[in-house]
Amino acid sequence: MARCFASISLTTKTTLALSATATFFMLLLAAATYHFARQELRQTIIANQNLTMTSLANQLDDRLDSAQRYLQLLAEHLAEKQQNKSAGFQELLTHHVEAFHFFDAGLVLVSPAGRIIAESPSDARRIGLDRSNRAYVQQVLKTNQPVITGPYHLSRSPYAPVVAFAVPLQNKAGHLIGVLAGQHFLLKKGFIQKLVDTPLGKSGYFYLFNQQRLVLVHPDHTRSMTTLPSGADAAVEAALQGKEGTWENRDSQQLPGLTSLKRLKTVPWYLGAHYPFPEAYAPLERAKMAFIGVLFVSIPLMLVAVRICLLPFVRPLQRLTNHIRQIPQTTGSDRYLPVNSHDEIGSLTAAFNAMVRELDDEAAVKEEYLQEYRIVSEYTSEIAIWRLLDGSIRFISANCLELFGYRDSEFYADPGLIDQLIYPDDQAIWLKHHGEHTDYGNLGDSVHPPLQVRLVCRDGSVRWMLHTCHITRNKTGEITGRRGNFSDITLVVQTQELLQREKQFIEQLINGVATPIFVLDAAHRILHWNRAIEQLTGIDAAT
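Residues numbered from 1 in each chain as written. Predicted model: local features only at pLDDT ≥ 70, side-chain atom pairs only at ≥ 80, totals over all residues. Heavy atoms only, no water.

### Side note on the sheet that holds strand 6 (residues 205-210)
Working definition: the strands of a sheet are paired by backbone hydrogen bonds and lie parallel or antiparallel to each other. The condition that has to hold: Strands were regarded as paired on the criterion that DSSP finds at least two bridges between them. We count a stretch as a helix when DSSP gives it H or I for four or more residues in a row; a strand needs E for two or more, and each element gets its number in order from the N terminus. Axis geometry follows a simple rule: fit a line to the C-alpha atoms, using only the stretch in contact for helices, then measure angles between N-to-C directions, giving values from 0 to 180 degrees.
Strand order in this open sheet of five strands is 7-6-10-9-8, and the pairing throughout is antiparallel. Of all the strands in the sheet, the pair left with one neighbour each is strand 7 (215-217) and strand 8 (245-250). Recorded for the sheet is a direction-independent mean angle of 35° between the axes of neighbouring strands. By the bridge criterion, six bridges tie strand 8 to strand 9 (residues 256-263) in an arrangement that is antiparallel. In the strand pairing of strand 9, Asn249 is matched with Gly257.

The structure is reproduced here in structure tokens:
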């Protein structure tokens, strides 16, 4: 009987089992109904949420644009008043108290040299302070156009985070005479925070972040001015790639819900909304719980029936599962499972044994390759480095610790560290070399001329390095980055410098003696002609 049963196909076994569990079609119908209702509810919520997002984003754009236009008009007014000498900049700024409607953190006027000319609220101690490092000053001086930058923390009380609206201040001749900036608090009840505080159900929320994943405004102030981890929120990653819309998603706190994102038109910021599933699908969940209650009595009976019908079919699979679970601790022939039937389970067992055999062969080959790679990478005197197109480091030799004093993990964490180690006097030639070799569109396949540069190690010592690099390509011929080498030539350079000093010493010694001396090479060409022979022959060494 057992042999006969082992010869029955898995299809027949499954047919017998499904015949005994026909009542499950009701559950399938219920699941399909639930799925349809959920999709319909989801589309309704998404449509409403997208409409709300568009409206809120437009309002925020309008307020940002209004603030920028007001600041532009104020700048023109200040320039006109100053041209007429009717009042000083400080007096004019103090007079315009209506500006605090937009710029609750105050106004500041900075000279083209980057120093504060006037400020509101006024603080005489701050006049003349250097603000040339502020992004809004640098961008306006560079583009001569209005900008919105930030966020950054005020350098005065209350030291809160703000965003800056900045416009150029020009005289009638069109010459830049300053930069006028309005500062707006992010965490106070200004127009930005008020819009973001718009309610979204009971537990939903809106938030604002920029292209650097920095959260500008959030209902939970502890999350404001924090950076969203890269990859933690799939919807944020999609928005940064230029997509807009609504996704079923987990936010950066791993709270599941419907996430909507829309980019603002005025500034490269993103308005986000997250509506948690428990509240969004609450009506559907209540209907589901009611249905579950109706089936509560019948489900145990059906489970018992299915369990009894499936036991003969599940045992071989359980045996295979247990064998797979224990296979890491087995070796040799114990890694293979005996084939006891000729049905689909038997075919699966045979296929599994073939797979294990193939994997063992591949593992042996990989182990050999890894051993060769380890020997080559660990016992080389050179530092090998592979940089990808985005500037990140894909590989650097582990012996960088011995040569540079930095672990490979430090270079992976900070790809710019290798550039920072370049000796200050060699930064120009390194940047030129680096810039030429990152212009991948103009590179050929040949190795580029080597470059001698100095690197400052962690212990402060300076080493001479010979650097070579060439581009790397994948199997399809696409450029994937740049592969380079650093070879320590400190002893070579020091030897060359020593030989040069010795040469100079000998030349000075020969020039200093009173005896006429000249030196010829193998081709009878004059290598040296000292002063004494110049005086004797009247022939100058330069000729």
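### Description of helix 9 (residues 282-295)
Since the α-helix advances by 3.6 residues per turn, residues separated by three or four positions end up pointing in the same direction. Definition in use: Every helix has an expected span of 1.5 Å times one less than the residues it contains. The buried label applies to any residue whose accessible area, calculated with a 1.4 Å probe on protein chains only, is under 20% of its type's maximum; exposed applies above 50%, and partly exposed to all values in between. Summarising the geometry, the arc corresponds to the directions from the helix axis toward the C-beta atoms.
An ideal rise of 1.5 Å per residue puts 20 Å on 14 residues; helix 9 measures up with 20 Å between its terminal C-alpha atoms. Those residues of helix 9 that fall on the buried side of the exposure criterion are Ala282, Leu284 and Leu295. Buried residues of helix 9, seen end-on, are gathered within an arc of 150° and therefore sit on one face of the element. Of the residues in helix 9, the exposed ones pointing more than 90 degrees away from the buried face are Arg286, Met289 and Val294.

### Comments concerning the pairing of strand 1 (residues 106-110)
Along strand 1, five of the five residues are buried, which leaves the element largely enclosed by surrounding structure. The two faces of strand 1 match: Gly106, Val108 and Val110 on one face and Leu107 and Leu109 on the other face are all buried. Two elements, strand 1 and strand 5 (residues 176-185), share five bridges in a ladder whose sense is antiparallel. Residue pairing for strand 5: Val110 is matched across the bridge by Val179. From the end of strand 1 to the start of strand 2 (residues 116-120), which pair antiparallel, there are five residues, and Gly114 there has a positive phi angle of about 90°.

### Thoughts on empty space enclosed by the protein
Filter applied, for reference: Lining residues are those with an atom within 4 Å of a point, where the points come from a 1 Å grid over the protein atoms alone and group into cavities, where a 1.4 Å probe fits but cannot get out, or pockets, open sets with protein on both sides within 12 Å along at least five of seven lines. Grid points are joined across faces, edges and corners, and a volume is the space filled by probe spheres set on the points. Classes in brief: Ala, Val, Leu, Ile, Met, Phe, Trp, Tyr, Cys and Pro nonpolar; Asp, Glu, Lys and Arg charged; the others, Gly included, polar.
As enumerated under the stated definition, the model contains two cavities of 30 Å³ or more in all. If you add up the space inside the largest cavity, you get close to 80 Å³. Taken together, Ile385, Arg387, Ile418, Trp430, His467, Arg482, Arg483, Gly484 and Phe486 make up the full set of residues lining the largest cavity. For the lining of the largest cavity, the elements supplying multiple residues, two or more each, are strand 11 (383-388) and strand 15 (479-488). Among the elements that take part in the lining of the largest cavity, strand 15 stands out by supplying four residues, more than any other. Looking at the lining of the largest cavity, its residues break down into four nonpolar, two polar and three charged. Estimates place the volume of the second largest cavity at around 70 Å³. If you go around the second largest cavity, the residues you meet are Val108, Ile116, Glu119, Arg126, Arg131, Arg134, Tyr136, Tyr152, Leu154, Ser155, Arg156 and Gln183. Partitioned by chemical class, the residues of the lining of the second largest cavity number five nonpolar, two polar and five charged.

### Quick word on the packing of aromatic side chains
Note the following rule: Ring pairs shown here join Phe, Tyr and Trp side chains whose ring centres sit within 6.5 Å, with only the six-membered ring taken for Trp; geometry is labelled stacked below 30 degrees between planes, edge-to-face above 60, and tilted in between.
Evaluated as defined, the whole model comprises 13 aromatic pairs. Measuring from ring centre to ring centre gives 5.3 Å for Phe277 and Tyr281, while their planes differ by 20°; the resulting arrangement is stacked. This pair shows no difference in class: Phe277 is buried, exactly as Tyr281 is. On the numbers, 6.1 Å between centres and 70° between planes, the contact of Tyr406 with Phe411 is edge-to-face. Classification of Tyr406 by relative accessible area gives buried; the value is 14%.

### Side note on the environment of Leu228
Here is the rule: For this analysis, residues touch if any pair of their heavy atoms sits within 4.5 Å.
Take Leu228: it is sitting in the loop between strand 7 and helix 7 (234-240). Spatially, the C-alpha atom of Leu228 lies 9.6 Å from that of Gln253, the residues being 25 residues apart in sequence. Dropping the residues within four chain positions of it, Leu228 is found in contact with Phe209, Arg213, Val215, Val236 and Ser252.

### A few points about the environment of Asn353
Inspection of the secondary structure assignment puts Asn353 in helix 11 (residues 344-378). Residues Asn353 and Pro338 lie 15 residues apart in sequence; the distance between their C-alpha atoms is 8.7 Å. Ignoring anything within four residues of it in the chain, the contact list for Asn353 reads Tyr336, Leu337 and Val339.

### As for the side chain of Arg134
Formally: Here the positive residues are Lys and Arg and the negative ones are Asp and Glu; neither His nor the chain ends is included. When a carboxyl oxygen of Asp or Glu is within 4 Å of a side-chain nitrogen of Lys or Arg, the pair counts as a salt bridge.
Its place among the elements puts Arg134 in the loop between strand 2 and helix 5 (135-143). For the buried Arg134, no salt bridge exists, and the shortest N-O distance to an oppositely charged side chain is 8.6 Å, to Glu119. Apart from the residues lying within four places of it in its own chain, the contact partners of Arg134 are Tyr152, His153 and Ser155.

### Notes on the pattern of salt bridges
Scanning all chains against the criterion turns up 12 salt bridges. Its salt-bridge partner being Glu244, residue Lys262 comes within 3.4 Å of it at the nearest N-O pair. Taken as a pair, Lys262 in strand 9 and Glu244 in the loop between helix 7 and strand 8 lie far apart in primary sequence, 18 residues in all. What emerges from the salt-bridge pattern is a single network uniting Arg38, Arg42 and Glu248.

### Details of the pairing of strand 15
As judged from the six bridges shared by strand 11 and strand 15, these two strands associate in the antiparallel manner. Counted as the bridge partner of Trp386 is Arg483 from strand 15. For strand 14 (residues 462-473) and strand 15, the ladder comprises nine bridges, and the chain directions are antiparallel. Residue Ile471 lies in a different strand from strand 15, and its bridge partner there is Arg482.

### Remarks on the nonpolar core
In plain terms, the rule: To form a nonpolar core, buried Ala, Val, Leu, Ile, Met, Phe, Trp, Tyr and Cys residues must be joined to one another through side-chain atoms within 4.5 Å.
In terms of nonpolar packing, the biggest core is built from 49 residues, with Leu64, Ile192 and Trp269 touching the most fellow members. No other element matches helix 3 (residues 24-83), which puts 13 residues into this core. Leaving out residues up to four positions away in the same chain, Ile192 has contacts with Leu60, Leu64, Val163, His184, Leu186, Leu208, Val217 and Trp269. The next biggest cluster of nonpolar side chains, apart from the first, holds 19 residues, and it includes Ile383, Ile418, Leu421 and Leu451.

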